[in-house]
Amino acid sequence: MIMVTGAHGQLGSGVLARLRADGVPAVGGSRTAATDIRPLDFDDPETLDLRDISTLVLISAGYAEDDQVIRRHRAVIDAAVRDGVGHVVYTSLAGVGDHLAFALAHRATERLLTDSGLPWTVLRNGLYAELFGSSLRWADADTVESAFGTGALAAVARADLAEAAAVVATAPAAHAGRIYELVGTPITADAVAGELGVRHRDIDLATLRAGALATDGLLPFQPPMIASIATAVRHGFLATPGHDLEALLGRPITDPLPVAAETAALLRPPVPAVR
């Protein structure tokens, strides 16, 4: 049986849906149980029962401080060793993402996994096209702002990453010991704005960080994450495309530009009525 953690999240639910659509027996794990979703709380070791799991798709629990993320991942990997899981597929961060503030927890988890003695595969996911689109801030109905400058991101559609994880989980032995760099096609904020038929206005990183710090609902570790993505894109560290994703999928990857534009469009403020 395959288990996909984070089954209520966008990536985890996508992986699970793809496996089930392909007729592959799979179960989801989440801290919130539901039909066909087992209770699995990384912060509660008593819920980490993996005894009948042959392949574990470990979706990163990255929305926390590094020490908490690493502690969670260590607990799951230890449970996988204890319960005899046959293979772990971990969704990590693309290698060029070492420039990002949240890379350390991913690299530490990769080390835990390779040291565990378990058969493993690491999927180093690029940043989502959806994330890029949602990072563009609407100044008004005709203008988006960002601190990306003219920099590009080798963005990838989340659905492609979910499909790739399902491909690997279905035949894990063929991918044992492999690290795949799953990045997409470079896109820019100017190109997304062009797709939307609006203007793109550049803001500096200090303005971006100040806005993030003033945003209600963001946790303390999130503004540095936001700023690190912007500066890495702005200065060209996340623009290099790759071929691993296309090879795993056996087809061309989804064009990330319309995906980013569609996501940005959902956040567009209403156009003022003409009187």
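Every chain's residues receive numbers from 1 upward, in the order its sequence appears when written. It should be noted that, the model being predicted, local features are given only for residues of pLDDT at least 70 and side-chain atom pairs only at 80 or more, the latter also being counted only at that level, while totals for whole chains, interfaces and linings use all residues. Each side-chain value is derived from all of the structure's non-hydrogen atoms; neither hydrogens nor water enter the calculation.

Chemist: What is the right way to read the sheet that holds strand E3 (residues 37–39) from this model?
Modeler: By definition, the strands of a sheet pair up through backbone hydrogen bonds, in either a parallel or an antiparallel sense. The seven strands are arranged E3-E2-E1-E4-E5-E6-E10 in an open sheet whose pairing can be described as parallel. The outermost strands of the open sheet, each flanked by one partner alone, are E3 and strand E10 (179–182). Put simply, the sheet's adjacent strands are angled 20° from each other on average, direction ignored. In this scheme, strands are said to pair when DSSP sees at least two bridges between them. Secondary structure follows DSSP: runs of H or I at least 4 residues long count as helices, runs of E at least 2 residues long count as strands, and numbering of each begins at the N terminus. When strand E5 (residues 87–93) meets strand E6 (residues 120–125), the two strands line up parallel, connected through six bridges. In the strand pairing of E6, Tyr90 is matched with Val122. Any pair of residues with heavy atoms lying within 4.5 Å of one another is described as a contacting pair. Every angle, taken between N-to-C directions, lies between 0 and 180 degrees, and every axis is a line fitted to C-alpha atoms, over only the stretch in contact when it is a helix. Most of the contacts of helix H1 (residues 10–21) go to strand E2 (residues 26–30), to which it runs at about 165°, and overall it touches strand E1 (2–5), E2, E3, strand E4 (55–59), E5 and E6.

Chemist: Quick question: what am I supposed to make of the side chain of Ser92 here?
Modeler: With respect to the helices, strands and loops of the structure, Ser92 is situated in strand E5. In protein, a polar contact requires one atom able to donate a hydrogen and another able to accept it; more generally it is a pair of N or O atoms within 3.5 Å, and residues adjacent in sequence count only if both atoms are side-chain atoms. A distance of 2.6 Å separates polar atoms of two side chains, one belonging to Ser92 and the other to Glu110. Those residues within four positions of Ser92 in sequence are excluded, and the remaining contacts are His106, Arg107, Glu110, Val122, Leu123, Arg124 and Asn125.

Chemist: How should the packing of aromatic side chains be read in this particular structure?
Modeler: Note on aromatic pairs: each is described by the distance of the centres and the angle between the planes. Two rings from Phe, Tyr or Trp (for Trp, the six-membered ring) form a pair when their centres are within 6.5 Å of each other. A pair whose planes differ by under 30 degrees is stacked, one over 60 is edge-to-face, and the rest are tilted. Counted under the stated rule, the structure contains one aromatic pair. Seen from their ring centres, Phe132 and Phe148 are 4.6 Å apart, and the 15° between their planes marks the pair as stacked. In this pair, Phe132 is assigned in helix H4 (residues 129–134) and Phe148 in the loop between strand E8 (143–146) and strand E9 (152–155), connecting sequence segments 16 residues apart. Across the pair, Phe148 and Phe132 agree in class, each one buried. Partly exposed describes any residue whose relative accessible area lies between the buried limit of under 20% and the exposed limit of over 50%, with all areas from a 1.4 Å probe on protein chains only and scaled to the type maximum.

Chemist: Could you clarify how one ought to interpret helix H2 (residues 66–83) in this entry?
Modeler: Residues that lie three or four places apart on an α-helix share one face, since the helix turns once every 3.6 residues. One fewer than the residue count of a helix, multiplied by 1.5 Å, yields its expected span. A rise of 1.5 Å per residue sets the reference length of H2, with its 18 residues, at 26 Å; its end C-alpha atoms lie 26 Å apart and thus fit the reference within 8%. Here H2 has its buried residues at Val69, Ile70, Arg72, His73, Val76, Ile77, Ala79, Ala80 and Asp83. Residues of H2 that are buried in the fold lie against E4, E5 and helix H3 (103–115). Gly84 sits one or two residues past H2 and shows a positive phi near 75°.

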